[in-house]
Amino acid sequence: MNEHYDASDIQVLEGLEAVRKRPGMYIGTTDVKGLHHLVWEIVDNAIDESLAGYCNNIEVVINKDNSITVKDDGRGIPVDIHPKTKISTVETVYTVLHAGGKFGGGGYKVSGGLHGVGASVVNALSKWVEVKVYKNSQVYFIRFENGGHTVEPLHVIDKCDPNRTGTVVTFKPDPDIFDTDVYDYNTLMVRIRELAFLNRGLRITLRDDRNEEDTTGETFIYEGGISEYVKFINQEKTPIHEDVIHLQGEEDGVFFEVAMQYNTGYNDNIYSFVNNINTHDGGTHEEGVRRALTRVINNYAKKAGILKEKDESLTGDDVKEGLTMIISCKHPNPQFEGQTKGRLGNSEVRKLADNVFSEGFEKFLLENPDDARAIVEKSMLACRARNAAKKAREITRKSDLAMTNFFGKLSDCKSKDPKVSEIFIVEGDSAGGSAKKGRDSMTQAILPLRGKILNVEKNRLDRALGNEEIRTIITAFGTGIGEEFNLSKLRYDKIIIMTDADVDGSHIRVLLLTLFYRFFRPIVEEGHVYAAQPPLFRIMHGKTRKYVLNEEEKEKYLQSLPENVRSRAEIARMKGLGEMDAEELNETTMDINKRILRKITVDDCMAADAVFAKLMGDEVEPRRKFIEENAGYVQNLDI
Ligand code: 1YM
């Protein structure tokens with residue numbers, strides 16, 4: 001069976017070996033994120049086939065053994081012998097690094113990232129891979145093992161209906177490479193849903209065969225594409241005009257589209273994509289739209305007489321208040337820039353985006369004068385609030401730090417080196433007192449919160465800045481907010497929320513997270529925010545004091561004790577942080593060598609936003625529904 005190998009195949013395997021030696025270079029990390037990345041590499045090939053116009057259905061299945069199957073109804077990967085490698089094209093695509101792309105010649109290929117080179121990377125990092133191709137009324141099959149060694153070269157295993165074509169790939173990630181081998185349904189679902197929004201009319205199904213109850217899976221198909229995405233993001237919000245505005249255009253093979261709708265909120269949700277990849281740091285497509293949005297609204301407002309000569313012009317920040325917007329660009333040759341490659345650099349796209357947006361949006365405003373007025377008036381209110389906030393913000397400038405310290409709110413750390421400094425935001429004065437005594441004053445700052453902080457989801461910037469607690473936090477962080485935000489001025493590497501494990505504690509935590517997400521989003525995105533994990537139980541026996549985080553650990557610990565000790569152990573449920581003395585608090589929750597911190601991430605900014613809007617926004621009904629649906633999961637109810 002291996003007669004088709006020659007010297008060149010050795011090189012091929014050396015290529016895949018290089019991927020196994022340094023997986024990080026190809027998929028970033030080998031943690032859960034890397035594990036999921038493998039799925040996207042294979043799904044990308046199916047999406048490419050759909051962008052080329054040949055595939056309408058994609059199915060993803062998490063199998064019982066945590067292997068993944070991806071199936072499409074495209075043309076099927078070519079099965080003929082590849083002229084260069086002298087082996088089948090399927091085998092070439094799965095074993096030759098950097099093979100892929102325009103192998104079959106011609107196709108309009110816009111996928112980003114690794115440009116279809118991913119198949120061989122997935123093979124290199126898998127225990128085994130099987131590919132089935134339906135083509136020419138036949139079913140072809142090939143199998144690889146242990147990092148891409150072909151164990152069954154391509155051969156026909158069956159006949160099929162002449163109309164049936166497509167590719168089915170199943171792979172099992174190599175447990176020697178990855179830290180974990182368990183797939184997370186929600187992670188896959190969120191991205192699959194996003195891909196369905198971004199590729200109008202494409203049907204994608206996700207099924208979890210580990211779950212006996214999941215027999216049909218979830219199907220995502222959106223005929224409205226990104227307009228439906230905007231509606232989805234706005235579903236818990238109150239729109240100020242009924243229809244989502246959708247604009248699109250194409251030039252020289254570059255396709256550009258945008259969907260938008262304003263809501264009554266004070267924050268914006270603007271997300272941009274290039275070839276289905278989120279461009280976190282924007283780029284030319286986003287710049288074109290932002291520039292056009294500001295210009296068109298100002299021009300319209302002046303012409304319509306809503307904005308008077310004496311009024312100042314509206315800024316980019318004013319016109320994006322309450323705006324939900326999805327920008328999507330499909331580009332045959334995208335240039336990604338910046339440290340994380342999260343910015344589109346192609347300069348011709350700026351003009352395309354500006355033209356398509358300004359023409360379409362101007363037309364919308366002229367044809368819908370009531371909506372136009374609502375939008376302009378909202379921007380003008382935002383402008384007024386911004387000016388009020390500027391005044392309020394002056395109170396939170398540098399000189400305040402001394403004052404904040406002086407009034408005893410913040411007990412700063414001695415070190416001025418942000419890299420080693422951390423700040424604990426603590427609920428209540430009594431816990432704050434223990435924390436102050438128990439801290440390492442060289443590197444740990446303590447900020448006790450006395451009152452509830454204001455809900456920034458429900459209040460504009462100027463009101464929020466009137467809130468004492470919020471002003472103190474802004475001052476302590478040192479970064480400023482809004483237009484002046486500067487991450488490099490952050491005074492602490494770690495911001496640690498330390499609240500009680502009860503209802504009030506979680507309320508304060510959600511309020512703080514809302515504040516961070518809205519005013520200091522980069523500190524969340526860059527992983528500076530943590531939740532302290534105070535213990536839930538104290539177990540005492542003899543001279544031993546043991547703290548455990550939860551019920552499960554408590555049981556485990558008790559089981560580990562000899563029967564006579566266990567029966568005499570005193571177990572106390574820790575009610576709050578204030579109950580611990582300084583030494584205990586230090587030992588269990590603050591000491592960098594003993595504590596456990598939970599990093600707060602915004603893996604899915606939009607999901608976080610939806611939860612925030614649901615829990616904190618003005619619509620009561622979604623909140624009630626959320627509580628009803630999730631009440632069953634509550635473990636420690638304490639009212
Ligand atoms: C479940 C994963 O890989 N589908 C898929 C891949 C290819 C094609 C069709 C395809 C592409 C072309 C021509 C072309 C690939 N082909 C290649 C290569 N699904 C999945 N469906 N015919 C079929 O690009 O011209 C790489 S991927 F290189 F062989 F053409």
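Rules used in this analysis
- Residues numbered from 1 in each chain as written.
- Predicted model: local features only at pLDDT ≥ 70, side-chain atom pairs only at ≥ 80, totals over all residues.
- Heavy atoms only, no water.
- Buried < 20%, exposed > 50% of the residue type's maximum accessible area, 1.4 Å probe, protein only.
- Helix = DSSP H or I, 4+ residues; strand = E, 2+ residues; numbered from the N terminus.
- Pairing = 2+ DSSP bridges.
- Polar contact = N/O pair within 3.5 Å; in protein donor to acceptor, adjacent residues only side chain to side chain.
- Contact = heavy atoms within 4.5 Å.
- Core = buried A, V, L, I, M, F, W, Y, C linked by side-chain atoms within 4.5 Å.
- Axes fitted to C-alpha atoms, helices over the stretch in contact; angles between N-to-C directions.
- Parallel < 35°, antiparallel > 145°, perpendicular 65-115°, else oblique.
- Nonpolar A, V, L, I, M, F, W, Y, C, P; charged D, E, K, R; others polar.
- 1 Å grid on protein atoms, 1.4 Å probe; cavity = no way out; pocket = protein on both sides within 12 Å on 5 of 7 lines; lining within 4 Å.
- Points joined across faces, edges and corners; volume = space filled by probe spheres on them.
- Salt bridge = Lys/Arg side-chain N within 4 Å of Asp/Glu carboxyl O.
- Phe/Tyr/Trp six-rings, centres within 6.5 Å; stacked < 30°, edge-to-face > 60°.
- Lys NZ or Arg CZ within 6 Å of the ring centre and 35° of its normal.

Caption draft 1: Up close: the pairing of strand 10 (residues 254–262). Here strand 10 lies mainly inside the structure; 8 of its 9 residues are buried. One ladder, built from 7 bridges, connects strand 9 (residues 245–251) with strand 10; its direction is antiparallel. By the bridge assignment for strand 10, I245 is matched with M260. The hairpin formed by strand 9 and strand 10 contains 2 residues between the paired strands, and D252 there has a positive phi angle of roughly 45 degrees.

Caption draft 2: Broad picture of the side chain of K378. Assignment of secondary structure puts K378 in helix 11 (residues 369–394). Under the relative-accessibility criterion, K378 is labelled buried at 9%. Polar side-chain contacts of K378 include one of 2.8 Å to the backbone oxygen of G265. When neighbours within four sequence positions are excluded, K378 is seen to be in contact with I240, N263, T264, G265, Y266, E321, G322 and R460.

Caption draft 3: Highlighting the nonpolar core. Judged by nonpolar contacts, the single largest core of 102 residues is most densely connected at Y94, F477, F516, F520 and I523. Leaving out residues up to four positions away in the same chain, I523 has contacts with F477, F485, L487, L490, I495, F516, H528 and V529. With 39 residues, the next largest nonpolar core counts V289, I306, L323 and M380 among its residues.

Caption draft 4: Local environment of the packing of helix 13 (residues 429–438) against helix 20 (residues 582–590). Taken N-terminus to C-terminus, the directions of helix 13 and helix 20 make an angle of 80 degrees; their axes are 8 Å apart at the nearest point. It follows that helix 13 is roughly perpendicular to helix 20 by the angle criterion. Mapping the contact onto sequence places A431, S434, A435, K437 and G438 in helix 13 and A582, L585, N586 and M590 in helix 20. Taken together, the residues of the contact of helix 13 with helix 20 sort by class into 5 nonpolar, 3 polar and 1 charged.

Caption draft 5: Region of the structure containing the sheet that holds strand 10. Across the sheet, 5 strands lie side by side as 9-10-13-11-12; this open sheet has mixed pairing. Strands with a single pairing partner mark the edges of an open sheet, and in this sheet they are strand 9 and strand 12 (277–278). Sheet topology note: the strand 11 (residues 269–274)/strand 12 ladder contains 2 bridges and is antiparallel. Paired with V274 across the two strands is I277, which belongs to strand 12. Where helix 10 (residues 348–367) meets the sheet, it contacts strand 9, strand 10 and strand 13 (323–330), and its direction lies at approximately 140 degrees from that of strand 9.

Caption draft 6: Broad picture of empty space enclosed by the protein. Following the criterion strictly, the structure yields 2 cavities of 30 Å³ or more and no others. Put simply, the largest cavity is a space of about 60 Å³. If you trace the largest cavity, you find it lined by T499, D500, A501, P534, P535, L536, M574, K575, G576, L577 and M580. Of the residues belonging to the lining of the largest cavity, the class tally is 7 nonpolar, 2 polar and 2 charged.

Caption draft 7: Molecular detail of the pattern of salt bridges. In the structure shown here, the tally under the stated rule is 37 salt bridges. Among the ionic pairs, R343 bridges to E287, the shortest N-O distance being 3.2 Å. In this pair, R343 sits in strand 15 (residues 343–344) while E287 sits in helix 8 (residues 284–303), placing the two residues 56 residues apart along the sequence. Here R343 and E337 are joined by a salt bridge, their closest N and O atoms 3.7 Å apart. Overall, R343 belongs to the partly exposed group, its relative accessible area being 26%. The class of E337 is partly exposed, set by a relative accessible area of 36%. Bridged by salt links that share partners, the residues E287, E337, R343 and R350 form one connected network.

Caption draft 8: Quick look at unusual backbone geometry. Non-glycine residue S137 carries a positive phi angle of around 60 degrees. Mapped onto the secondary structure, S137 falls in the loop between strand 3 (126–135) and strand 4 (138–145). Phi at N146 is positive, roughly 50 degrees, even though this residue is not glycine. Along the chain, N146 turns up in the loop between strand 4 and strand 5 (149–159). For N146, a relative accessible area of 41% translates into the label partly exposed.

Caption draft 9: Examining the packing of aromatic side chains more closely. The tally for this structure, following the rule as stated, stands at 10 aromatic pairs. Seen from their ring centres, Y94 and F144 are 6.0 Å apart, and the 20 degrees between their planes marks the pair as stacked. Of the two residues, Y94 sits in helix 4 (residues 89–95) while F144 sits in strand 4, which places them 50 residues apart along the sequence. Overall, Y94 belongs to the buried group, its relative accessible area being 2%. With a relative accessible area of 0%, F144 lands in the buried category. Sitting above the plane of the Y517 ring, R521 keeps its charged end 4.2 Å from the centroid. Between K554 and the ring centre of F537, over which it is positioned, the NZ or CZ distance is 4.5 Å.

Caption draft 10: View of the environment of L515. Residue placement: L515 occurs in helix 16 (residues 503–519). Sequence spacing of L515 and I453 is 62 residues, and the spatial spacing of their C-alpha atoms is 8.8 Å. Sequence-distant contacts of L515, that is, excluding residues within four places in its chain, are made with I453, V456, I470, I473 and F520.

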